[in-house]
Amino acid sequence: MSDELEQRFRQAFRRQAGGVAVITYFDAARRPCGVTATAVASVSATPPRLLVCLNRASRSRDDIVHAGHFGVNVLALPQREIADHCSRPGGDKGLHPAWLLADAAPRATPVLGAALVHCECAVGPIYEVETHSIVIGRVEDIWLGAFDEPLVYFDGTYSTLDRSPEKSLQAMWDAFESAYWNL
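Overview of the structure.

Basis of the calculations
Residues numbered from 1 in each chain as written. Predicted model: local features only at pLDDT ≥ 70, side-chain atom pairs only at ≥ 80, totals over all residues. Heavy atoms only, no water. Phe/Tyr/Trp six-rings, centres within 6.5 Å; stacked < 30°, edge-to-face > 60°. Helix = DSSP H or I, 4+ residues; strand = E, 2+ residues; numbered from the N terminus. Buried < 20%, exposed > 50% of the residue type's maximum accessible area, 1.4 Å probe, protein only. Lys NZ or Arg CZ within 6 Å of the ring centre and 35° of its normal. Pairing = 2+ DSSP bridges. Axes fitted to C-alpha atoms, helices over the stretch in contact; angles between N-to-C directions. Contact = heavy atoms within 4.5 Å. Lys, Arg positive; Asp, Glu negative; His and termini not counted. Salt bridge = Lys/Arg side-chain N within 4 Å of Asp/Glu carboxyl O. Core = buried A, V, L, I, M, F, W, Y, C linked by side-chain atoms within 4.5 Å. 1 Å grid on protein atoms, 1.4 Å probe; cavity = no way out; pocket = protein on both sides within 12 Å on 5 of 7 lines; lining within 4 Å. Points joined across faces, edges and corners; volume = space filled by probe spheres on them. Nonpolar A, V, L, I, M, F, W, Y, C, P; charged D, E, K, R; others polar.

1. Notes on the packing of aromatic side chains
A full pass over the atoms with the stated rule returns 2 aromatic pairs. Between Phe9 and Phe13, the ring centres sit 4.9 Å apart and the planes meet at 45°, which makes this aromatic pair tilted. Of this pair, Phe9 and Phe13 are both found in helix H1 (residues 3-14), 4 residues apart, which corresponds to roughly one turn of the helix. Residue class for Phe13 comes out partly exposed when judged on its relative accessible area of 48%. Between Arg30 and the ring centre of Phe26, over which it is positioned, the NZ or CZ distance is 4.1 Å.

2. Points about the sheet that holds strand S7 (residues 117-129)
Read across the open sheet, the 7 strands follow the order S3-S2-S6-S7-S8-S5-S4; overall the sheet is antiparallel. Looking at strand neighbours, the two that pair on one side only are strand S3 (32-37) and strand S4 (40-45), the edges of this open sheet. Each strand of the sheet is rotated relative to its neighbour by a mean of 35°, with strand direction disregarded. Relative to strand S5 (residues 48-55), S4 is paired through 5 bridges, and the arrangement is antiparallel. If you follow Ala41 over to S5, its bridge partner there is Leu51. Those strands touched by helix H2 (residues 59-67) are strand S2 (21-26), S3, S5, strand S6 (69-74), S7 and strand S8 (132-144), and its axis lies near 55° from that of S2.

3. Brief notes about the side chain of Lys93
With respect to the helices, strands and loops of the structure, Lys93 is situated in the loop between helix H3 (80-87) and S7. Despite its burial, Lys93 remains without a salt bridge, the nearest opposite charge being carried by Asp92 at 8.7 Å. Not counting the four nearest positions on each side in its chain, Lys93 is found in contact with Tyr25, Pro32, Cys33, Gly34, Arg59, Ser60, His85, Cys86, Ser87 and Arg88.

4. Side note on the nonpolar core
With 17 residues, the main nonpolar core has Ile23, Leu50, Val52, Ile64, Phe70 and Val72 as its most contacted residues. Elements with a contribution of two residues or more to this core: S2, S3, S5, S6, S7 and S8. Counting 15 residues, the second largest nonpolar core, distinct from the first, contains Ala83, Val111, Leu112 and Leu151.

5. What to know about the sheet that holds strand S1 (residues 18-19)
In spatial order, the strands read S1-S9-S10; together these 3 strands make up an open sheet with antiparallel pairing. Both outer strands of the open sheet, S1 and strand S10 (157-159), are each paired with one neighbouring strand and no more. Bridge count for strand S9 (residues 152-154) against S10 is 3 bridges, and the pairing is antiparallel. Residue pairing in the sheet places Val152 in a bridge with Ser159 of S10.

6. Here's the deal with the layout of surface pockets
Estimated volume of the largest pocket: approximately 1,600 Å³. Among the elements of the structure, H1, S3, S5, H2, H3 and S8 are those that each provide at least two residues to the lining of the largest pocket. The biggest single contributor to the lining of the largest pocket is H1, with 5 residues. Class assignment of the residues belonging to the lining of the largest pocket gives a composition of 16 nonpolar, 11 polar and 8 charged. Counted as a void, the second largest pocket has a volume near 640 Å³. Lining of the second largest pocket is provided by 24 residues; of these, Leu77, Arg80, Glu81, Ala171 and Ala175 occupy positions nearest its centre. Of all elements in the fold, only H3, S10 and helix H4 (165-181) reach the threshold of two or more residues within the lining of the second largest pocket. Across the lining of the second largest pocket, the residue classes tally to 9 nonpolar, 7 polar and 8 charged.

Written out as structure tokens, the structure reads:
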């Protein structure tokens, strides 16, 4: 494939808006970790199966396969900071305790407390395709969070659906204010 075609391919799929998910897992030291992914899709409702695409060169991919379980957390608009943190290539993927659901129920994967949804999955078949692994998740449990505006990724930027303009403006203001005070 030519470099030009690869560039246009990337540009083409930047134009497809998608929900943002953080794939959570416990690393070898049992630290809660996460990696941001937009390549997540349902496969089957009977039985419940989903897929995630993970870069084969990433440390997260190997940690997830080794752990045998992963969680798919569909992010809400206020969780942009988590998406940014978990998307840094080569960066620390450890999750801040404040981001996690604070309940005593033991789980196979960390749950992001403000997520719209958390699907707990066992690692199923893995298909190696070029630079990525398609990991099929056997859904073992689903946690539904509070209903909120989704975090959406489009053309290299985070956004949301414009169902509640006031809420969107407040979230943008909060992000601006946070960035300003962290300079």
